[in-house]
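Residues per chain, in single letters:
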Amino acid sequence: MPKPRELHDKYFLQAKAEGYAARSAYKLKQIQERYRVLRPGDTVLDLGCAPGSWMQVASEIIGPHGVIVGIDLLPVNIKLPANVRAIQGDAFKVTPRELLQLTHRSKGWSDGLFSVVLSDMAPNTAGIGDDLRSVTLCRRVLEIAEKALAPGGRLVMKVLEGELYPDLMREALGVFDFARGYRPDATREVSREIFAVCMRFRGSRPEVPVDAAKATAAPAGWADLPPAKVPPHKRVLVEKDPRRQPSRKFKPLAKGTPEPEAKEPKRRPFKRKSGPPSKGSA
Ligand SMILES: C[S@@+](CC[C@H](N)C(=O)[O-])C[C@H]1O[C@@H](n2cnc3c(N)ncnc32)[C@H](O)[C@@H]1O
């Protein structure tokens with residue numbers, strides 16, 4: 001039987017003690033520890049940002065030269081750092097262009113795209129069909145990312161694991177060089193949520209062009225990853241885990257084939273190493 005949900009668990013208490021708006025702050029911290037998705041100077045879009053803990057964490061990492069734009073159906077009621085701007089709205093209604101323009105207004109740039117898109121968006125849970133609703137949200141995230149993310153950019157999005165999860169990861173791999181699911185320790189045991197971490201966006205199709213007259217220099221670290229130079233047909237879609245051994249292919253014998261005789265392993269003739277005799281030898 002699954003364990004009942006513990007409302008005031010250690011992450012809840014830690015968030016309270018450390019001044020974060022929600023325990024989900026630690027999910028982003030753990031994703032960051034593992035994948036370093038956020039870097040100083042980044043321009044971040046946070047979809048489903050309320051009550052605001054991801055923006056608090058992201059702001060600490062990107063520092064004063066970075067900027068965050070958050071959007072949520074609900075208002076954000078906490079005091080936000082100077083480089084964060086949150087608006088109330090629907091990710092399905094706002095256009096990537098409008099989101100980009102918010103960044104420009106707050107920083108005075110006009111030629112930049114986001115370097116990171118985060119989405120912790122969750123559907124209102126109804127039990128049946130939650131995973132499908134969650135994938136619909138993620139597809140919207142991918143759509144926004146394709147228009148608003150800089151080449152080389154990174155994306156983290158929450159998805160409820162279900163039937164369509166493999167399809168969603170394949171779609172992510174269609175536009176990113178790397179995509180992998182990660183379940184941080186802070187995710188509750190009873191939850192089906194998993195975070196798709198996608199790195200090295202292959203190239204955006206911005207619908208921008210925005211007012212170039214307002215452009216100023218981008219902060220350090222902005223768009224720090226150049227676009228992949230590998231031709232599309234040669235790109236590696238899934239990054240290999242170096243700890244994994246290459247699998248040895250096992251070919252079953254055709255019916256009626258006699259078992260091959262076991263061969264003695266070849267022994268190499270023993271050769272004494274030249275050099276000084278070891279201690280104790282005559
Ligand atoms: C788990 S909360 C996000 C928590 C946030 N990352 C934090 O750390 O404070 C999920 C949020 O997604 C928002 N959301 C769901 N659908 C949305 C949509 N279509 N547009 C914008 N926000 C949405 C919800 O209102 C909710 O606040």
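What comes next concerns the included structure.

Definitions and limits used
Residues numbered from 1 in each chain as written. Predicted model: local features only at pLDDT ≥ 70, side-chain atom pairs only at ≥ 80, totals over all residues. Helix = DSSP H or I, 4+ residues; strand = E, 2+ residues; numbered from the N terminus. Near = placed C-beta within 6 Å. Nonpolar A, V, L, I, M, F, W, Y, C, P; charged D, E, K, R; others polar. Pairing = 2+ DSSP bridges. Buried ≥ 20, exposed ≤ 12 C-beta atoms within 10 Å, placed from the backbone. Axes fitted to C-alpha atoms, helices over the stretch in contact; angles between N-to-C directions. Left-handed = near helix turned anticlockwise from the far one by under 90°. Contact = placed C-beta atoms within 7 Å. Core = buried A, V, L, I, M, F, W, Y, C linked by C-beta atoms within 7 Å.

Time to look at unusual backbone geometry. Cis geometry marks the peptide bond from Ala50 to Pro51, where omega comes out at 5°. Tracing the chain through its elements places Pro51 in the loop between strand E1 (43-47) and helix H3 (53-62). Despite not being glycine, Arg36 has its phi angle at roughly 50°, a positive value. Mapping Arg36 onto the fold places it in the loop between helix H2 (25-35) and E1. The backbone phi angle of Arg200 is positive, close to 60°, even though this residue is not glycine.

Taken together, 20 residues form the shell around the ligand, and within it Gly48, Ser53, Trp54, Ala91 and Asp120 come nearest. Those elements that place two or more of their residues in the shell around the ligand are H3 and strand E2 (67-72). Of the residues belonging to the shell around the ligand, the class tally is 13 nonpolar, four polar and three charged.

It is worth spelling out the pairing of strand E7 (residues 193-201) at this point. Bridge count for strand E5 (residues 149-160) against E7 is six bridges, and the pairing is antiparallel. Residue pairing across strands places Leu155 opposite Cys198, the latter belonging to E7. The pairing of strand E6 (residues 176-182) with E7 spans six bridges and is classified as antiparallel. Following the sheet pairing, Gly181 is matched in E7 by Ala196.

Further remarks concern the environment of Phe178. Along the polypeptide, Phe178 turns up in strand E6. Residue class for Phe178 comes out partly exposed when judged on the 17 C-beta atoms lying within 10 Å of it. Along the chain, Phe178 and Cys198 lie 20 residues apart, while their C-alpha atoms are 5.4 Å from each other.

Remark: H2 packs on H3, axes separated minimally by 8 Å, with the N-to-C direction vectors making an angle of 40°. Judged by the twist between their axes, the crossing of H2 over H3 is right-handed. Contacts between H2 and H3 involve Ala25, Leu28, Lys29 and Gln32 from the first element and Ser53, Trp54, Gln56, Val57 and Ile61 from the second. Residues of the contact of H2 with H3, tallied by class, amount to five nonpolar, three polar and one charged.

Turning next to the nonpolar core. In this structure, Val117 and Ala196 are the most contacted members of the largest nonpolar core, which totals 61 residues. In terms of residue count, the dominant contributor to this core is helix H5 (residues 130-148) (eight residues). Excluding anything up to four places from it in sequence, Ala196 contacts Met157, Val159, Leu168, Met169, Ala172, Ala179 and Gly181.

What follows covers H2. All of the buried residues in H2 are Ala25, Tyr26, Lys27, Leu28 and Ile31. Against the buried residues of H2 lie helix H1 (10-18), H3, E5, E6 and E7. Arg36 sits one or two positions beyond H2 and adopts a positive phi of about 50°.

Further remarks concern the environment of Leu28. Inspection of the secondary structure assignment puts Leu28 in helix H2. Leu28 gets classed as buried once you count the C-beta atoms within 10 Å, which come to 26. Through-space distance from the C-alpha of Leu28 to that of Pro184 is 8.3 Å; in sequence the pair is 156 residues apart. Sequence-distant contacts of Leu28, that is, excluding residues within four places in its chain, are made with Trp54 and Val57.

In this structure, Phe12 sits in helix H1. Beyond its immediate stretch of four places on either side in the chain, Phe12 contacts Leu7 and Arg23.

The mixed open sheet is built from seven strands, whose spatial order is E3-E2-E1-E4-E5-E7-E6. Since the sheet does not close on itself, it has two edges, and those belong to strand E3 (84-88) and E6, each with one partner. For this sheet, the mean angle separating the axes of adjacent strands, direction not counted, is 15°. Here E1 pairs with strand E4 (residues 114-119) via four bridges, running parallel. Counted as the bridge partner of Val44 is Val116 from E4. Seen against the sheet, H3 touches E1, E2, E3 and E4 and runs at an angle of roughly 170° to E1. Here H5 sits on the sheet and contacts E1, E4, E5 and E7; the angle it forms with E5, its principal contact strand, is near 170°.

That is the geometry; function is a separate question.
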